[in-house]
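The lines below spell out each chain.
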Amino acid sequence: MKQKIRVAVALGSNLGEREKVMGQAVERLKEDLLEESRLSSMIETEPWGIKDQPKFLNAVMVGWSEWKPPAILNYLKSLERELGRTQTYLNGPRVIDLDLICYGELVWDSEGVQVPHPRMFNRDFVLRPLCEIWPNWTHPILKKTASELLSAL
């Protein structure tokens, strides 16, 4: 039997029917990837980086998975395409954005995958929902909990 690791996936959307596409993503993540999952509240946030675009809906989903980070990332990118995401530009508007935020309290930096997500520690729209459902997750490099990281913003 493969070992299950608790993982967190961030979800975001600022184009089209945001609630609908986020709901579709959540259902697929429950079916295919995350066991015993929990979903944070959905929060509306200002865009990060490029300001001249619609507000985002953001949430975090946490659950248990046997998958390794490269397989998770490939799945998330495939699901984004299925749900209508097309390539635009860095930090631009998107129908859906799915990011692997953490893989337990482990560091993974190979095969094109970096976890914990290299910018998650300074993003309120990731830390607020993460703290709602997994506040004691500890960043394996910074040695701070999600709650401590959020307080430091």
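Conventions and cut-offs
Residues numbered from 1 in each chain as written. Predicted model: local features only at pLDDT ≥ 70, side-chain atom pairs only at ≥ 80, totals over all residues. Heavy atoms only, no water. Salt bridge = Lys/Arg side-chain N within 4 Å of Asp/Glu carboxyl O. Helix = DSSP H or I, 4+ residues; strand = E, 2+ residues; numbered from the N terminus. Buried < 20%, exposed > 50% of the residue type's maximum accessible area, 1.4 Å probe, protein only. 1 Å grid on protein atoms, 1.4 Å probe; cavity = no way out; pocket = protein on both sides within 12 Å on 5 of 7 lines; lining within 4 Å. Points joined across faces, edges and corners; volume = space filled by probe spheres on them. Nonpolar A, V, L, I, M, F, W, Y, C, P; charged D, E, K, R; others polar.

### Topic: the pattern of salt bridges
Between side chains of opposite charge, a pair can form when the charged atoms approach closely. Tallied over the full model, the rule gives nine salt bridges. In this structure, the salt-bridge partner of Asp 32 is Arg 28, at a minimum N-O distance of 3.1 Å. Here Asp 32 and its partner Arg 28 are both found in helix α1 (residues 18-32), four residues apart, which amounts to about one turn of the helix. Residue class for Arg 28 comes out partly exposed when judged on its relative accessible area of 24%. We note a salt bridge from Lys 77 to Glu 80, for which the minimum N-O separation is 3.3 Å. Of this pair, Lys 77 and Glu 80 both sit in helix α2 (residues 69-82), three residues apart, which is roughly one turn of the helix. Taken together, the salt bridges that share partners define one network made up of Arg 28, Asp 32 and Glu 82.

### Details of the layout of surface pockets
Counted as a void, the second largest pocket has a volume near 170 Å³. Taken together, Leu 73, Lys 77, Asp 99, Leu 100, Gly 112, Val 113, Gln 114, Val 115, His 117, Pro 118 and Arg 119 make up the full set of residues lining the second largest pocket. Per-element accounting of the lining of the second largest pocket gives the leading share, three residues, to strand β7 (residues 113-115). Looking at the lining of the second largest pocket residue by residue, the class counts come to five nonpolar, three polar and three charged.

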